[in-house]
Amino acid sequence: MLRLHDIAVTFPNGVRAVLPVNLSVPKGQFLVLLGPSGAGKSTLLRCLNGLVKPTQGDVTVEGLGSIFGDARTLREHRTHTGMIFQQHHLIGRLTALQNVMIGRLSAHSTLRSFFPLPRADRLLALQSLERVGLIDRALDRADQLSGGQQQRVGIARAMAQQPQIVLADEPVASLDPATAEHVLADLHRICREDGITAIVSLHQIDLARQFADRVIGLANGRIVFEGTPSQLSQSILDQIYLAAPSRKAAA
Ligand code: ADP
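Residues numbered from 1 in each chain as written. Predicted model: local features only at pLDDT ≥ 70, side-chain atom pairs only at ≥ 80, totals over all residues. Heavy atoms only, no water.

Undergrad: Could you clarify how one ought to interpret the pairing of strand S1 (residues 2-10) in this entry?
TA: Every other side chain in a regular strand lies on the same face of the sheet, so the side chains alternate between the two faces. Looking at chain direction, S1 and strand S2 (residues 16-25) are connected through 6 bridges and run antiparallel. Bridging from a neighbouring strand, Leu2 pairs with Val25 of S2. Note: S1 against strand S4 (residues 56-61), 5 bridges, orientation antiparallel. In the strand pairing of S4, His5 is matched with Asp58. (Pairing = 2+ DSSP bridges. Helix = DSSP H or I, 4+ residues; strand = E, 2+ residues; numbered from the N terminus.)

Written out as structure tokens, the structure reads:
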């Protein structure tokens, strides 16, 4: 269980990106964040692994407590939290396998990570590539793969961490609709199989309908909808996407 307790973020320039948000995400849930650009989805996701420190409130994880409690707890939380980004953040000149191995680094001490990783890590990375259908491309350079394949490598890298939580920020936004659906289906299947809690921001409503266990609609930094995909009526979508941009710079 992941909990957000009254999380709010005001950036130093006065932009109030997230207004107090309370949310509990049960283990294994595939939660989709919907909302227009600028709604606060990325900022909220970044709070969940401590990349952004909320100006108010706390994030707690069952068994760990507050992720901001001390540096060790935050490190431990990050070890169990995989990140997937829109632009995959792969290193183009490295092979798919080497990129996935990067996901194993957090399991080792800084000193240990200067040396070749053990065979077990290599095996885990290969298994992760196999799960996204890319075992035959393991030794190809990442920059020679298609956009969809690159994002699959991004998913495999997150999975090689053996995470309990996955945070995905617009993971299929730059893919064509058919590829986006296949890549998200892979992510969804692996999360289901491993009981991983996933929090995924999307801009494709049809994909939210297809894959989400639960949808959170964000507008202007606030939760304006919380429910099942089947409750996403046109009037709810209007509430999410047509909300007047009321917040921003603090008074
Ligand atoms: P979304 O992911 O829904 O597009 P973001 O979380 O990226 O929304 O942004 C929410 C708001 O916070 C926007 O108004 C954005 O311009 C602002 N914002 C995001 N990051 C920063 C930052 N580092 N400094 C100042 N403002 C920011």
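Undergrad: I'm lost on the sheet that holds strand S5 (residues 65-66) in this one. Help?
TA: Note on sheets: strands pair through backbone hydrogen bonds, and any given pair is parallel or antiparallel. Strand order in the open sheet made by the 4 strands is S2-S1-S4-S5, with antiparallel pairing throughout. If you trace the sheet from one side to the other, it starts and ends with S2 and S5, each paired once.

Undergrad: Explanation requested: the pattern of salt bridges in the structure shown.
TA: Where side chains of opposite charge bring their charged atoms close, a pairing between them can arise. Summed over the entire model, instances satisfying the criterion amount to 10 salt bridges. Across the pair Arg131 and Asp194 runs a salt bridge, and its minimum N-O distance is 2.8 Å. Taken together, the positions of Arg131 in helix H4 (residues 119-131) and Asp194 in helix H6 (residues 177-194) put the pair 63 residues apart, joining distant regions of the chain. Two residues, Arg141 and Asp143, come together in a salt bridge whose shortest N-O distance is 2.7 Å. Assessed through its relative accessible area of 36%, Arg141 is described here as partly exposed. Accessibility expressed as a relative area gives 40% for Asp143, which makes it partly exposed. When salt bridges that share partners are traced, they join Arg131, Arg152, Asp186, Arg189, Glu193 and Asp194 into one network. (Salt bridge = Lys/Arg side-chain N within 4 Å of Asp/Glu carboxyl O. Buried < 20%, exposed > 50% of the residue type's maximum accessible area, 1.4 Å probe, protein only.)

Undergrad: Please clarify how the site of the ligand should be interpreted in this entry.
TA: The ligand sits among 13 residues. The nearest are Gly38, Gly40, Lys41, Ser42 and Thr43. Gly38 has a polar backbone atom sitting 2.7 Å from an oxygen atom of the ligand. Here an oxygen atom of the ligand and a side-chain polar atom of Thr43 are 2.5 Å apart. When the ligand is considered free in solution it has 560 Å² of accessible area, and contact with the protein chains removes 64% of it. Taken together, the residues of the shell around the ligand sort by class into 5 nonpolar, 6 polar and 2 charged. (Near = heavy atom within 4 Å. Polar contact = N/O pair within 3.5 Å; in protein donor to acceptor, adjacent residues only side chain to side chain. Areas by Shrake-Rupley, 256 points an atom, 1.4 Å probe, with all protein chains shown as cover. Nonpolar A, V, L, I, M, F, W, Y, C, P; charged D, E, K, R; others polar.)

Undergrad: Got a minute to help me understand unusual backbone geometry in this structure?
TA: What is expected of a backbone is that most residues other than glycine have negative phi and most peptide bonds are trans. The phi dihedral of Gln162 falls on the positive side, at around 50°, and the residue is not glycine. Assignment of secondary structure puts Gln162 in the loop between helix H5 (147-160) and strand S7 (165-169). The backbone of Glu170 sits at a positive phi, close to 50°, despite the residue not being glycine.

Undergrad: Whenever I open this one, empty space enclosed by the protein confuses me. Can you help?
TA: Using a probe with the size of a water molecule, rolled over the atoms, empty space left in the structure can be pinpointed. Tallied over the entire structure, the rule returns 1 cavity of 30 Å³ or more. Approximately 30 Å³ is the volume attributed to the largest cavity. Of all the secondary structure elements, the ones that give two or more residues to the lining of the largest cavity are strand S3 (30-34) and helix H1 (41-47). (1 Å grid on protein atoms, 1.4 Å probe; cavity = no way out; pocket = protein on both sides within 12 Å on 5 of 7 lines; lining within 4 Å. Points joined across faces, edges and corners; volume = space filled by probe spheres on them.)

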